[in-house]
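# Architecture at a glance
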Amino acid sequence: MGNNIKEINSKYTKSRIFIKRYFWTSILLWTVLLTAFTVSDIYFIYKSEFETVKEIATTHLEKDYLYRRWLSSQGGMYLPVSDKIKPNPYLINVKEKNITTPGGRKLTLVNPAYMTRLVHNFSHDRYRIKGHITSLKPINPLNAPDEWEKKALEEFQNGKTVEKYHLLEKNNQTFFLYIHAMYTESSCIKCHGYQNNKIGSIRGAISVSVPWETYRKKIHDQSATAISINVIIWILGAVSLILGTRIQNGNISKIHQFSLKLTDREEQFSYIFENTHEAIVWVDWNQDRAIKCNSAFEQLFRVSRNDLFQKSASDFLRIKKYDKTVIDSIIAGDNRIEELSVKNGKWPDLIIEISATKIHVDSKNAIQYIIRDITQRKEYEREIENQNRELSSQNEEFEVLNEELVATNNELHESEMNLTKLLDEKNTLIRELYHRTKNTMQIIRGMLVLQGDKFENNKDIQYLVNITDQRIQAISLVHQMLYSTNDLSRISILEYINELTSLIMRGFGPENSEKIKTELNIEDCRLLLDTAIPFGLIINELLTNSLKYAFPDDMSGEIEITLSAVKDNVLNFTYRDNGIGVPENFDFRNQNSLGLDLIFSIGEEQMSGTITMENRNGIYFSFTFPVDLYEERV
């Protein structure tokens, strides 16, 4: 049945291809025919206009020959001398070339060549048609031929032709050039006798140049009209072919659909029968012969359908043979489903589920067997039963373990609550420690200030008190920030430097905030208490020195503080001011200054950092240090 559909589709495809080829062949022939007509029309339009221009050029040329021959027969004519008509210097063998009338008017002899050139100039000015009398041996240089005229004159001399014409592009314009041979007549001997010209020989030629633009436009317009008409004719023909092709395709499609409907059900059934995963076989039980089977049946029973059809069906089916009563009930319409164990020869035994149903094949009653291999399903069922028994046994063990886990979990929960309580108490204690440390340092600071007030006239003591006060505040600020945050080990270095800078600036008086600007470029990170306190002391010493010494006499200035990460766990701190700086060759490391000693000892010894300090139009300080020297203790 599948072959029938393929044959129908093949015929349908061939018919569509034939119609498609016929259509495109017809379109191609129609296009070629209309193209040939169009090219022919354009050719005849071009030829007609070309002949028209040639006729105009020939008419002008014949006119030139006519008045030239007439003038030559009269021996020339005398015209008044003017700006446009000068005596011809090339008439060297002509007597009475120039005469004077009794009234004193000067006249000059105009020979045919001269007259022709004057008329050509007049014609070009008025009609844009230019003529040119020329010769290989001109008397007047103005009559010398150009390259094209020279080739034409040489051909005239050799007797090849007496006329030539072609189109010439010149100065972005197109001209039609026409030239015709000119013969020597008896009247020409008067002026040209000394050149040994014989009567009847070719003495020269006259060329005519006609502008081609007007005729080119007419060719273009007429060609466009011809093309438009032929395109319309082509479209009408193409539409007719398309409509005819569609009608033919519609008829073929109807025939094709009708043919497919006749075989569609058989094709569908054959496809389902052959490709189903269940084994199917049709058996004529009376003859004990298999009529039809699918590939799933072949795979299940390891048998080819050719062998199956040639031998007894019961030999290959290897299932019990139903008795006549059962067969009669199946044929009567009863469906029978049962599970069977089948010996499969040299192949593994099978457990199958077999369904028997009556079918009608070729006017005969037969039985259709639908067979499912349930061997694996049965094995899985047995495994599941075994696993269920094992799970039941394990479930009892799990219940005992679960009771133990619940008891253990309760103990862990109670321990966790105790640890949480202890941790809260520890945090409270540490916060109280920070708070008390800060208060204690404030008390020390207050006592120091009170003691310093007793020596208010001693500048050294007052300086020592102020310096110590600022250092205490730098340390106290760390404890205050730890107390006020949730993190009991680390503080924000951005907030710390901001607070510390403001604190020190206020300590030196409000006027410092107006005349000294501070610029902070801090990349925020969180430092441990053991790192933050010494780092704050370094910042305190740097700011204090700048505010005391860098900007004397109310000098204004700037202080820039930068902190950024160089790599993991390494920070770079730079400090600069644009104050007066220090003298040349000033050795920062060898000074009797507690502040500088603190900076180098804390930075390099306690914090294991690298310090650079130099004079760059003010103090420049660079400090690179690790932040992982200490571990969290809280």
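These lines cover the structure that appears in this document, whether it is placed above or below. The structure presented is a predicted model; accordingly, all values stated were derived computationally and were not measured. (Residues numbered from 1 in each chain as written. Predicted model: local features only at pLDDT ≥ 70, side-chain atom pairs only at ≥ 80, totals over all residues. Heavy atoms only, no water.)

Glancing now at the sheet that holds strand 8 (residues 279–284). The 5 strands lie next to each other as 9-8-12-11-10, forming an open sheet whose pairing is antiparallel. The two strands at the open ends of the sheet, each matched to only one other strand, are strand 9 (289–293) and strand 10 (336–342). Averaged over all neighbouring strand pairs, the angle between strand axes comes to 30°, with direction disregarded. Judged from the 5 bridges that link them, strand 8 and strand 12 (residues 364–373) form a sheet pairing that is antiparallel. Across the sheet, Ala-279 pairs through a bridge with Ile-371, a residue of strand 12. (Pairing = 2+ DSSP bridges. Helix = DSSP H or I, 4+ residues; strand = E, 2+ residues; numbered from the N terminus. Axes fitted to C-alpha atoms, helices over the stretch in contact; angles between N-to-C directions.)

A cluster of nonpolar side chains, Ile-227, Val-231, Ile-235, Val-239 and Leu-243, forms an exposed patch at the surface whose accessible area comes to about 390 Å². Looking at the secondary structure, you find Leu-243 in helix 5 (residues 213–275). Assessed through its relative accessible area of 49%, Leu-243 is described here as partly exposed. (Patch = residues over 30% accessible without salt bridge, like charges linked within 9 Å, V, L, I, M, F, W, Y side chains within 5 Å. Areas by Shrake-Rupley, 256 points an atom, 1.4 Å probe, with all protein chains shown as cover. Salt bridge = Lys/Arg side-chain N within 4 Å of Asp/Glu carboxyl O. Buried < 20%, exposed > 50% of the residue type's maximum accessible area, 1.4 Å probe, protein only.)

Okay, helix 14 (residues 529–550) next. With 22 residues, helix 14 ought to run about 32 Å at 1.5 Å a step, and its terminal C-alpha atoms sit 31 Å apart, in line with that. When you tally the buried positions in helix 14, you get 18 out of 22 residues, the bulk of the element. (Expected span 1.5 Å × (residues − 1).)

It is the contact of helix 14 with helix 15 (residues 594–606), at a shortest axis distance of 9 Å, that shows an interaxial angle of 150°. Here helix 15 runs roughly antiparallel to helix 14, going by the angle between their axes. Along this stretch, helix 14 crosses helix 15, giving a crossing that reads as left-handed. Contacts from Pro-534, Leu-537, Ile-538, Glu-541 and Leu-542 of helix 14 reach helix 15 at Gly-595, Leu-598, Ile-599, Ile-602, Gly-603 and Gln-606. Among the residues forming the contact of helix 14 with helix 15, the class breakdown is 7 nonpolar, 3 polar and 1 charged. (Parallel < 35°, antiparallel > 145°, perpendicular 65-115°, else oblique. Left-handed = near helix turned anticlockwise from the far one by under 90°. Contact = heavy atoms within 4.5 Å. Nonpolar A, V, L, I, M, F, W, Y, C, P; charged D, E, K, R; others polar.)

For the rest of this paragraph, the subject is the packing of aromatic side chains. One pass over the structure, following the stated rule, counts 9 aromatic pairs. Centre to centre, the rings of Phe-621 and Phe-623 are 6.3 Å apart; their planes meet at 50°, and the pair counts as tilted. We classify Phe-621 as buried; its relative accessible area is 0%. A relative accessible area of 0% means that Phe-623 is categorised as buried. One aromatic cluster is present, formed by Phe-535, Phe-573, Phe-621, Phe-623 and Phe-625 through successive ring pairs. Here the guanidinium or amino end of Arg-616 rests over the ring plane of Tyr-620, the centre of that ring lying 4.0 Å away. (Phe/Tyr/Trp six-rings, centres within 6.5 Å; stacked < 30°, edge-to-face > 60°. Lys NZ or Arg CZ within 6 Å of the ring centre and 35° of its normal.)

What follows covers the sheet that holds strand 17 (residues 570–577). Spatial strand order, 14-16-17-19-18: 5 strands in an open sheet with mixed pairing. The open sheet has two free edges, formed respectively by strand 14 (516–522) and strand 18 (610–615), since each of these has just one partner strand. Strand-to-strand, the axes of this sheet are offset by a mean angle of 10°, without reference to chain direction. Sheet topology places strand 18 next to strand 19 (residues 619–626); 6 bridges connect them, and they run antiparallel.

In this section: the side chain of Thr-574. With respect to the helices, strands and loops of the structure, Thr-574 is situated in strand 17. Apart from the residues within four sequence positions on either side, Thr-574 is in contact with Glu-560, Ile-561, Thr-562, Tyr-620, Phe-621 and Ser-622.

Moving on: the pattern of salt bridges. Applying the stated criterion across every chain yields a total of 8 salt bridges. Put simply, Glu-278 and Arg-372 hold a salt bridge, and the shortest N to O gap is 2.3 Å. Here the residue Glu-278 occupies a position in the loop between helix 5 and strand 8, and Arg-372 occupies one in strand 12, the gap between them amounting to 94 residues. Owing to a relative accessible area of 25%, Glu-278 belongs among the partly exposed residues under this scheme. Exposure remark for Arg-372: the relative accessible area of 31% places this residue in the partly exposed category.

Turning to the nonpolar core, a few remarks are in order. If you look at the biggest cluster of nonpolar residues, it comprises 40 residues, and the most contacted ones within it are Phe-535, Phe-573, Phe-621 and Phe-623. When residues of this core are traced back to their parent elements, those giving at least two are helix 12 (493–507), strand 14, helix 14, strand 16 (557–567), strand 17, helix 15, strand 18 and strand 19. In terms of residue count, the dominant contributor to this core is helix 14 (9 residues). If we skip the residues at most four places from it in the chain, Phe-535 touches Ile-493, Ile-497, Leu-527, Leu-563, Phe-573, Met-607, Phe-623 and Phe-625. Grouped together as the second largest cluster of nonpolar side chains are 20 residues, Ala-290, Phe-301, Leu-350 and Ile-352 included. (Core = buried A, V, L, I, M, F, W, Y, C linked by side-chain atoms within 4.5 Å.)

Looking now at the packing of helix 12 against helix 14. For the pair helix 12 and helix 14, the least separation of the axes is 10 Å and the interaxial angle reads 35°. When the axes of helix 12 and helix 14 are compared, the crossing they make is right-handed. Contacts between helix 12 and helix 14 involve Ile-493, Tyr-496, Ile-497, Leu-500, Thr-501, Ile-504 and Met-505 on the former and, on the latter, Ala-532, Phe-535, Gly-536, Ile-539, Asn-540, Leu-543, Thr-544 and Leu-547. Each residue belonging to the contact of helix 12 with helix 14 can be placed in one class, and the counts come to 11 nonpolar, 4 polar and no charged.

It is worth stressing that arrangement in space is one thing and function is another; only the former is reported here.
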